[in-house]
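# Coordinate inspection notes
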Amino acid sequence: GKVTIGGSVLSPNTGDVIYKSVGAILQEAKNQKIKVWIGLRHKAAWNNSNWPTVVAGYKSVAEESLVVAQALVDSKLLNPETFAGWYISTEIDNYDKDFEKTIADGNAMLKSLSGGLDAIARNAGLIPAGSPRVPVAISAFYRSAAGNMDEPRYLKLLERTLSASGITHLFFQDSAG
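Note that the structure is a prediction, hence the values are computed from the model and not measured.

Cut-off values and rules
- Residues numbered from 1 in each chain as written.
- Predicted model: local features only at pLDDT ≥ 70, side-chain atom pairs only at ≥ 80, totals over all residues.
- Heavy atoms only, no water.
- 1 Å grid on protein atoms, 1.4 Å probe; cavity = no way out; pocket = protein on both sides within 12 Å on 5 of 7 lines; lining within 4 Å.
- Points joined across faces, edges and corners; volume = space filled by probe spheres on them.
- Helix = DSSP H or I, 4+ residues; strand = E, 2+ residues; numbered from the N terminus.
- Nonpolar A, V, L, I, M, F, W, Y, C, P; charged D, E, K, R; others polar.
- Salt bridge = Lys/Arg side-chain N within 4 Å of Asp/Glu carboxyl O.
- Buried < 20%, exposed > 50% of the residue type's maximum accessible area, 1.4 Å probe, protein only.
- Pairing = 2+ DSSP bridges.
- Axes fitted to C-alpha atoms, helices over the stretch in contact; angles between N-to-C directions.
- Contact = heavy atoms within 4.5 Å.
- Parallel < 35°, antiparallel > 145°, perpendicular 65-115°, else oblique.
- Left-handed = near helix turned anticlockwise from the far one by under 90°.

This part takes up the layout of surface pockets. There is about 250 Å³ of room inside the largest pocket. Around the largest pocket sit 17 residues that line it, and Asn 47, Ser 49, Glu 91, Asp 93 and Phe 141 are the ones nearest its centre. Listing elements by their share of the lining of the largest pocket, those giving two or more residues are α2 (44-47), α3 (51-56) and β4 (83-92). Considering each element in turn, the lining of the largest pocket owes the most residues, 3 residues, to β4. Within the lining of the largest pocket, the residues separate by chemical class into 5 nonpolar, 8 polar and 4 charged.

See the structure below:
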């Protein structure tokens with residue numbers, strides 16, 4: 001599972017792709033005839049940060065997530081019977097910082113990720129031929145707090161960030177954790 005991106009050779013972390021975590025779940029999904037969304041790289045630094053900060057350095061998020069996706073494909077654990085789509089682990093919160101830059105960076109990150117994930121899934125035969133795009137999901141949540149956007153501003157951020165990004169599903173959370 002090594003992937004070359006922009007001249008750098010990246011590898012997934014030990015434990016990103018092991019049978020006990022992913023394989024057992026996918027085997028049970030196959031037995032139950034259900035499809036599973038495949039989550040990608042998760043890092044505490046991304047989870048403990050806010051969306052504007054995460055997307056400001058989006059190249060590492062995209063590269064590391066694509067490396068994990070490719071490693072999962074290379075592991076031969078994924079198959080069309082159980083593959084529902086990719087789930088990007090970073091979450092879109094409503095922290096209010098550099099509104100226009102956050103939209104531009106977020107959209108660029110999601111386009112890069114969804115395009116790369118689409119190519120990986122197509123090359124692996126995970127989606128039916130002729131499908132318009134591989135399903136790609138991300139989560140978002142709204143929290144009312146000082147320094148956060150109000151609802152109308154946050155909806156504008158979501159609309160503009162997700163527009164033409166390749167994201168096909170938005171999983172909205174309650175922000176309770």
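Pairing between side chains of opposite charge can happen when their charged atoms approach one another. Going through the model one piece at a time under the given rule, you end up with 5 salt bridges. Here Glu 81 ties to Lys 30 by a salt bridge, and the two come within 3.8 Å at their closest N and O atoms. Residue Glu 81 is found in the loop between α4 (58-74) and β4, and its partner Lys 30 is found in helix α1 (residues 19-32); the two are separated by 51 residues along the sequence. The partner of Glu 100 in a salt bridge is Arg 160, with the nearest N and O atoms 2.6 Å apart. In this pair, Glu 100 sits in helix α5 (residues 99-124) while Arg 160 sits in helix α6 (residues 151-162), placing the two residues 60 residues apart along the sequence. By relative accessible area, Arg 160 is classed as partly exposed at 39%.

Attention shifts here to the sheet that holds strand β3 (residues 36-39). Sheet architecture is open: 4 strands sit in the order β3-β4-β5-β6, paired in parallel fashion. Two strands lie at the open edges of the sheet, namely β3 and β6 (169-172), each paired on one side alone. The average angle at which neighbouring strand axes cross in this sheet is 35 degrees, direction not considered. Sheet topology note: the strand β5 (residues 136-140)/β6 ladder contains 4 bridges and is parallel. Paired with Ala 137 across the two strands is His 169, which belongs to β6. The strands touched by α4 are β3 and β4; relative to β4, the strand with the most contacts, the crossing angle is about 155 degrees. Against the sheet, α5 engages β4 and β5, with an angle of about 160 degrees to β4.

Taking the C-alpha atoms as reference points, Glu 81 and Ala 29, separated by 52 residues in sequence, lie 8.8 Å from one another. Setting aside its immediate chain neighbours within four residues, Glu 81 contacts Lys 30, Ile 34 and Lys 35.

Our focus in this paragraph is the packing of α4 against α5. Across the interface, α4 lies against α5 with an axial gap of 10 Å and an inter-helix angle of 15 degrees. Classified by the angle between their axes, α4 and α5 sit roughly parallel to one another. Both α4 and α5 take part in a crossing whose hand is right-handed. On α5, the residues touching Tyr 58, Val 61, Ala 62, Ser 65, Leu 66, Ala 69, Gln 70 and Val 73 of α4 are Asp 105, Ala 108, Met 109, Ser 112, Leu 113, Gly 116, Leu 117, Ile 120 and Ala 124. For the contact of α4 with α5, the per-class residue count stands at 12 nonpolar, 4 polar and 1 charged.

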